[in-house]
Structure formats: C-alpha cells, structure tokens
Amino acid sequence: MPNGLAVCNTSWKEMEYYKEYQEKLRGYIGNEKANEVLGEALYLISIGTNDFLENYYILPKRSSEYSVEEYQIFLAGIAENFITELYQLGARKICISGLPPMGCLPLERTTNMFNGSDCVEEYNDVAKDFNGQLQEMVMKLNKELPGIQLVLSSPYDILLETIQDPNKFGFEDAETACCGTGLLEMGYMCNTINPFTCSDASKYVFWDSFHPTEKANGILADNVVKTSLAQFL
C-alpha cells in the first residue's frame, strides 16, 4: 500500500487520506484483520525533488528563510515526523526514497546552457547531502521504534550511471527529453499530437523535463526491488 509524501506542505493532507482509508478498512474487515493488513503493508514514501527544484530554488521566500543546509534539515524533520506518525498508526514496513541526481534533469541542463548544458553539480551535491541525512534518520528510527523495518531507497547512483553511460542501458539520449527541449515540457503536454514529442521514447532516458521514460523507470524499479526492497521479499 503506497503512501506518498511528495511536497512538504501537503504531508498533512496525505496523512488525513490515510486515516480515512484506515477507518474504511476497519469498517469493512474489522479491527483485528485491519491491523494485520496495515502491519504487513509496504509503505513507499518520496520527498524532496519538487521541494528543492520547484520550491526552494524558485520561490525567494524559501531561500530567504533557510540556507540550503537548513532546508535539508527542515525536510528531513518533516519526513521523520511523517514516518513516526505512520508507525503510530500501525505501519511497520516503510521505504523512503532519496533524491536523484536532480542537477542532471533535462530542465536543469537546459537552463545551464551557458556552461555547456552540463549537469548542475550544485544540485547534485545537495541531493547527495540530503540522501545522507535521510540515511541517518533511517538508522535513528530503526533504533528508536520497536518492530519497524525502515529502509532508504536511493535512485541517485543507478540514474546517474544511466545518464553517464546511456548506451550501456540501451538508450541513445540522456541529455534531452523525448518531449521537446526539456525547458518547459511536462508529462501532460507530451502526447502524440505534440509536434515536439519523439517517435520512440525507449531511446530516451527522460520523457519530459523532469520525468524518466517508462523504460528508464523500469530500470530504476528493478534496481530498487533487488536492493532496498529485497529485505521485504
């Protein structure tokens, strides 16, 4: 049963939806069976990419309130509180996803055109630092919360390897997206009638300016199942 935490200021709403689900589940199968289902379910959480790229680095209010280091601590604290509340509600098997090499997303490379459209290493460094903070949080909660099985799933290394050596994984292009230039396009703008959408998405690592293609996501998912999620199998 996945439960996503995509943007920090919506985490409370995610939790409200989950509580509503619990009430309906208990009403349908009873408390004893519901507790079993909730305890055996796998909870998948993600946080960070949008919070940095579409919040911290774009909205001046955030960057004026926090240094990037303080913002990392702020987000990690939100994740810790969210996971702790999930645990108190019966969750035991939880996987939180770290950040990808967000400086290598097509949007960031396109806006970095004056530096040869290379990856923005500042953003990649932030991602690595934040992933390190999440790992420390995972170790802390595994010690503090009896019975919890909490793991960190990091897409950073496998996606960076795919971007740096796309041919190894059967791709032809890791710099631009299947849909357009990578500057403005998002998934809802990418379709067969868009003249900037490529004819074969399987040749591209990225579908649009932010999101990997189905083929790339398959590679990432396979890596997660064989590494972080293996302990749950």
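Criteria and cut-off values
Residues numbered from 1 in each chain as written. Predicted model: local features only at pLDDT ≥ 70, side-chain atom pairs only at ≥ 80, totals over all residues. Heavy atoms only, no water. Buried < 20%, exposed > 50% of the residue type's maximum accessible area, 1.4 Å probe, protein only. Helix = DSSP H or I, 4+ residues; strand = E, 2+ residues; numbered from the N terminus. Arc of directions from axis to C-beta. pLDDT = per-residue confidence, 0-100. Contact = heavy atoms within 4.5 Å. Phe/Tyr/Trp six-rings, centres within 6.5 Å; stacked < 30°, edge-to-face > 60°. 1 Å grid on protein atoms, 1.4 Å probe; cavity = no way out; pocket = protein on both sides within 12 Å on 5 of 7 lines; lining within 4 Å. Points joined across faces, edges and corners; volume = space filled by probe spheres on them. Patch = residues over 30% accessible without salt bridge, like charges linked within 9 Å, V, L, I, M, F, W, Y side chains within 5 Å. Areas by Shrake-Rupley, 256 points an atom, 1.4 Å probe, with all protein chains shown as cover. Salt bridge = Lys/Arg side-chain N within 4 Å of Asp/Glu carboxyl O. Core = buried A, V, L, I, M, F, W, Y, C linked by side-chain atoms within 4.5 Å. Pairing = 2+ DSSP bridges. Axes fitted to C-alpha atoms, helices over the stretch in contact; angles between N-to-C directions. Parallel < 35°, antiparallel > 145°, perpendicular 65-115°, else oblique. Nonpolar A, V, L, I, M, F, W, Y, C, P; charged D, E, K, R; others polar.

## So, helix H2 (residues 31–40)
Spacing of three or four residues puts side chains on the same side of an α-helix, whose turn is 3.6 residues.
Line of reasoning, step 1. Within the sequence span of H2, burial applies to Ala34, Leu38 and Gly39. Down the axis, H2 shows its buried residues gathered within 130° of arc, on one side only. Exposed side of H2, more than 90 degrees from the buried face: Glu32 and Glu40 are the residues found there.

## Observations regarding the confidence of the model for the protein chain
Line of reasoning, step 1. With 92% of its residues at a pLDDT of 70 or more, the protein chain shows a mean pLDDT of 89.
Line of reasoning, step 2. Throughout residues 1–9 the model reports pLDDT below 50, and contacts reaching past four residues in sequence, or to other chains, amount to 38 contacts.

## Some details on the packing of aromatic side chains
Line of reasoning, step 1. Enumeration over the complete set of coordinates arrives at 10 aromatic pairs.
Line of reasoning, step 2. When the ring of Tyr18 is compared with that of Tyr21, the centres are 6.4 Å apart and the planes differ by 25°; the resulting orientation is stacked. Of this pair, Tyr18 and Tyr21 both sit in helix H1 (residues 11–29), separated by three residues, roughly a single helical turn.
Line of reasoning, step 3. The class for Tyr18 is buried, based on a relative accessible area of 4%.
Line of reasoning, step 4. The exposure class of Tyr21 is partly exposed, given its relative accessible area of 33%.
Line of reasoning, step 5. Measuring from centroid to centroid gives 5.8 Å for Tyr66 and Tyr71, while their planes differ by 55°, and the two rings are tilted.
Line of reasoning, step 6. Take Tyr71: its relative accessible area is 0%, and that puts it in the buried class.

## Some words on the layout of surface pockets
Line of reasoning, step 1. A volume near 780 Å³ is recorded for the largest pocket.
Line of reasoning, step 2. Along the walls of the largest pocket sit 26 residues, with Ser46, Ser97, Gly98, Pro155 and Asn217 positioned nearest its centre.
Line of reasoning, step 3. Those elements that provide at least two residues to the lining of the largest pocket are strand S1 (42–46), helix H3 (49–56), strand S2 (93–97) and helix H9 (214–226).
Line of reasoning, step 4. Residue contributions to the lining of the largest pocket peak at four residues, all from H9.

## Things to note about the environment of Ala216
Line of reasoning, step 1. Inspection of the secondary structure puts Ala216 in helix H9.
Line of reasoning, step 2. What makes Ala216 buried here is its relative accessible area of 3%.
Line of reasoning, step 3. Between the C-alpha atoms of Ala216 and Lys203, which are 13 residues apart in sequence, the distance is 9.6 Å.
Line of reasoning, step 4. Once residues within four sequence positions are removed from consideration, Ala216 is found in contact with Phe171 and Val205.

## A closer look at a nonpolar patch on the surface
Line of reasoning, step 1. Together, Tyr21, Tyr28, Ile29 and Val37 line one region of the surface with nonpolar side chains, adding up to about 390 Å² of accessible area.
Line of reasoning, step 2. Structurally, Ile29 is set in helix H1.

## Quick word on the nonpolar core
Line of reasoning, step 1. Phe52, Ile83, Leu86, Ile94, Ile96 and Met102 are the most contacted members of the largest nonpolar core, which totals 58 residues.
Line of reasoning, step 2. Per-element accounting of this core gives the leading share, 10 residues, to helix H5 (residues 68–88).
Line of reasoning, step 3. Discounting chain neighbours no more than four positions away, the residues touching Phe52 are Tyr57, Val68, Tyr71, Gln72, Leu75, Leu99, Met102, Val126 and Phe130.
Line of reasoning, step 4. Within the second largest apolar cluster, five residues are counted, among which are Cys95, Val151, Val224 and Phe232.

## Here's the deal with the sheet that holds strand S3 (residues 149–153)
Line of reasoning, step 1. Overall, parallel pairing links the three strands, which are arranged S1-S2-S3 in an open sheet. Each edge of the open sheet is held by one strand with a lone partner, namely S1 and S3. Neighbour-to-neighbour, the strand axes of this sheet turn through a mean angle of 20°, independent of strand direction.
Line of reasoning, step 2. Where S1 meets S2, five bridges bridge the pair, whose relative direction is parallel. Each residue of the ladder has a partner; that of Ile45, found in S2, is Ile96.

## Here we look at the packing of H1 against H5
Line of reasoning, step 1. Relative to each other, H1 and H5 sit at 10°, their axes nearing to 11 Å. It follows from the interaxial angle that H1 and H5 lie roughly parallel. Between H1 and H5, the residues in contact are Ser11, Glu14, Met15, Tyr18 and Lys19 and Ile78, Phe82, Glu85 and Leu86, respectively.
Line of reasoning, step 2. Of the residues contributing to the contact of H1 with H5, the split by class is five nonpolar, one polar and three charged.

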